[in-house]
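# Per-entry structural report
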Amino acid sequence: MIKVNDVVYSVNHTSILNGVSLQVARGERVGLLGPNGSGKSSLLKCIYRVLKPKGGAVLLEGRDLSRISPRESARRLGVASQHNASSFDFTVEEVVLMGRFPHKRAMEQDTERDYEIVREALERVGMEGFSSRSFLTLSGGEQQRVILARALAQQTPCLILDEPTNHLDITGQLLLMDQIAALDQTVLMALHDLNLAAMYCDRIYGMKQGKILGEGTPKKLLTPRFIREIYEVDAEVMETADGQLHILYRSSHKK
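Summarised in this report is the structure supplied together with it.

What counts and what doesn't
Residues numbered from 1 in each chain as written. Predicted model: local features only at pLDDT ≥ 70, side-chain atom pairs only at ≥ 80, totals over all residues. Heavy atoms only, no water. Pairing = 2+ DSSP bridges. Helix = DSSP H or I, 4+ residues; strand = E, 2+ residues; numbered from the N terminus. Axes fitted to C-alpha atoms, helices over the stretch in contact; angles between N-to-C directions. Contact = heavy atoms within 4.5 Å.

## Examining the pairing of strand β1 (residues 2–11)
The two faces of the sheet receive side chains in turn, since in a regular strand these alternate between them. Taken together, the 8 bridges between β1 and strand β2 (residues 14–24) define a ladder with antiparallel strand orientation. Its bridge partner being in β2, serine 10 is matched across the sheet by serine 15. Counting the residues in the hairpin turn of β1 and β2 gives 2 residues, including asparagine 12, whose phi is positive at 50°. Two strands pair when backbone bridges link them, and β1 and strand β4 (residues 55–60) are joined in this way by 5 bridges, in the antiparallel orientation. Bridging across to β4, valine 8 finds its partner in glycine 55.

## Considerations on the sheet that holds strand β6 (residues 77–80)
Taken together, the 6 strands give an open sheet; going across it, the order is β6-β7-β8-β3-β9-β10, and neighbouring strands pair in mixed fashion. Of all strands in the sheet, those with a lone pairing partner are β6 and β10 (211–216), marking the two edges. Put simply, the sheet's adjacent strands are angled 15° from each other on average, direction ignored. As paired elements, strand β7 (residues 158–162) and strand β8 (residues 186–190) share 5 bridges and run parallel to each other. Residue pairing for β8: leucine 159 is matched across the bridge by valine 187. Strands in contact with helix α6 (residues 170–182) are β3 (29–33), β7 and β8; relative to β8, the strand with the most contacts, it is inclined by about 145°.

## Description of the sheet that holds β4
Read from one edge to the other, the open sheet built from 4 strands follows the order β2-β1-β4-β5, with strand pairing classed as antiparallel. The open sheet has two edge strands, β2 and β5 (63–64), and neither has a second partner. As defined by bridge partners, β4 adjoins β5 across 2 bridges and the pair is classed as antiparallel. Across the sheet, the residue bridging to leucine 60 is arginine 63, located in β5. Docked against the sheet, helix α1 (residues 40–47) engages β1, β2 and β4, running at close to 65° with respect to β2.

None of the figures reported here should be taken as evidence of function without further support.
Below is the structure:
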């Protein structure tokens, strides 16, 4: 579904991505892990066309993304980005309706089916009672859920999620990740929380300094040695009787 081949990206001669390659099969939920500044968001932006790679290629369903029109790629690739600041006072319903634009001809009006899709998307993220609220009045976590609803309203076979649990409390994180797990779409998502990645991802890529340092299932990749290599912290990895991984971090602070 998604294949990234040796993607290179730099800003003002500063290298951000150094020949990054990964792939996500149809129906997979793949996590992208790494510390701040590792290049996760830049890589995702290269995939959803906010940034243009300096080298390499991004393939979507076997086709070079640079050869696909923005409208067509928006029908295939839904995006929930991390930063969604807006100076315009749209309602929640209007924001989610934007997800229907790729399916519209010029000047085509919204239909009852569009509004039905919007209602369903808001219901899936637990925001069904917020349709008439101003997007600007929402908390960061509520805005994050609305942006995910907009991506769901695009009805694409693939989703790119950049820190989907950002600003959410523990309950909100689990509810949202449960929703993502229930989707029948291909998902590539950047995550900070290793325990969420262990719970919800089929496979994981670990990034540091613009490079992929490892790939595998959570059980294969999330070892104390690898966590130390990526994050430079000590951790203990435990597995419960039901096979669930739990990562415990060790503080270097001595009382």
